[in-house]
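Structure at a glance
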Amino acid sequence: MKKVSTLFLFLVASVSMLANVSATEKEALLKLYSNTNGSQWTKKWDLKAPVSSWYGVKIVGDKVIGLDLSNNNLVGELPVEIVNLSNLQQINFFKNSLTGSIPASIGNLKQLKVLNIAFNKLTGSIPASIGNASSLQSIELYMNRISGKLPAEIGNLSQLRILSLFNNEIEGQIPASYYGLKSLNVMLLNSNQLSGKLSPEVANLTSLETLSLFENNMEGQVPFDLEKLNNLKEMNISYNMFSGLVSRNLAQLDTLNMTMINDKGLAVALPVQMDKNSALANED
């Protein structure tokens, strides 16, 4: 009986290994391969071998649920067909040479949890449709050439924990909807061209642990409400045009102690309230 059970488990495992993806999913993978110069990848696919053996392709049952092709010399544009991999939970194309824009249909990937296309050469704006990818927990698009404004629709992503868009060319204000991201742990928007004010509603980001707005064009009073973020461990909002008095707590929390660029283009430190650590206490 034990031998029969062992044989049965072996057969099940074998069938699982041989399980093939649908023609639609395979076609999407082949389009990705051809669009990104697959013959020159660091770790290539043997197109004659089963899809389950292809590097970086994770399959459960007969569904492609993950693509991890980070640092693999992908050169070219992402094909629109990638959205035909409708069961994807993870896309990791970190550190390649991808160009072009993020496909507008990215929002059709309803099961996608992790999107990492950081350290590439992407251009264009972040499509508003990304807000329809309702399972997203992490968006990492830093170190690209992305422009345009931040889509307000990202504020719809109630499970989002990481938003990392630094070192791009993004302009405009932080949408009000972002202050409702209760699950957000990390917000890295530094080294862009953001403007406008940081809303006092930043206090609503109760899970926030890291905030970086360094090197933008933001202005106005530094919100005292930042002190309400009890989980905040790291902050850098220097090299903007923020103004006003700040508490010692905030000045010490900021990596560069609130060094700002004044109207003459000179780096100056904001005045610190010395008699009380908390500006909130002073407000009361």
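Up top is the structure.
Analysis parameters
Residues numbered from 1 in each chain as written. Predicted model: local features only at pLDDT ≥ 70, side-chain atom pairs only at ≥ 80, totals over all residues. Heavy atoms only, no water. Phe/Tyr/Trp six-rings, centres within 6.5 Å; stacked < 30°, edge-to-face > 60°. Buried < 20%, exposed > 50% of the residue type's maximum accessible area, 1.4 Å probe, protein only. Lys NZ or Arg CZ within 6 Å of the ring centre and 35° of its normal. Helix = DSSP H or I, 4+ residues; strand = E, 2+ residues; numbered from the N terminus. Pairing = 2+ DSSP bridges. Salt bridge = Lys/Arg side-chain N within 4 Å of Asp/Glu carboxyl O. Core = buried A, V, L, I, M, F, W, Y, C linked by side-chain atoms within 4.5 Å. Contact = heavy atoms within 4.5 Å.

1. Concerning the packing of aromatic side chains
Tallied over the full model, the rule gives eight aromatic pairs. Their ring planes at 70° and their centres at 4.9 Å tell us that tyrosine 33 and tryptophan 41 sit as a pair that is edge-to-face. Like tyrosine 33, the residue tryptophan 41 is buried in the burial classification. Note on tryptophan 45 and tryptophan 54: the rings are 4.7 Å apart at their centroids and 20° apart in plane angle, and the pair reads as stacked. Here the two residues tryptophan 45 and tryptophan 54 agree in accessibility, since each one is buried. Cluster of aromatic residues (ring-pair linked, three or more members): Tyr33, Trp41, Trp45 and Trp54. The aromatic ring of phenylalanine 119 is capped on one face by lysine 95, whose charged end is 5.7 Å from the ring centroid.

2. Side note on the environment of leucine 98
Topologically, leucine 98 is positioned in strand S5 (residues 97-99). Take leucine 98: its relative accessible area is 0%, and that puts it in the buried class. For the pair leucine 98 and threonine 123, spaced 25 residues apart in sequence, the C-alpha to C-alpha distance is 9.5 Å.

3. Notes on the pairing of strand S1 (residues 57-60)
When S1 meets strand S2 (residues 63-68), the two strands line up antiparallel, connected through four bridges. Its bridge partner being in S2, valine 60 is matched across the sheet by lysine 63. Connecting S1 to the antiparallel partner S2 that follows it, the hairpin turn spans two residues, and glycine 61 within it adopts a positive phi of roughly 65°.

4. Comments concerning the pattern of salt bridges
Any two side chains of opposite charge can pair, given that their charged atoms come close. The full count for this structure, using the stated rule, is one salt bridge. Note that aspartate 225 and lysine 228 form a salt bridge whose closest N and O atoms lie 3.2 Å from each other.

5. Topic: the nonpolar core
Core analysis: the biggest nonpolar cluster contains 71 residues, and Leu67, Phe93, Ile139, Leu226, Ile237 and Met258 have the highest contact counts within it. Within the residue set of this core, elements represented by two or more residues are helix H2 (23-35), S2 and helix H3 (248-253). When residues in this core are grouped by element, the largest group, four residues, is from H2. Setting aside anything within four residues of it in sequence, one finds phenylalanine 93 in contact with Leu32, Leu67, Leu69, Ser70, Leu74, Leu78, Ile82, Leu98, Asn116, Ile117, Ala118 and Asn120. Core analysis: the second largest hydrophobic core is formed by five residues, Ala118, Tyr142, Phe166 and Leu188 among them.

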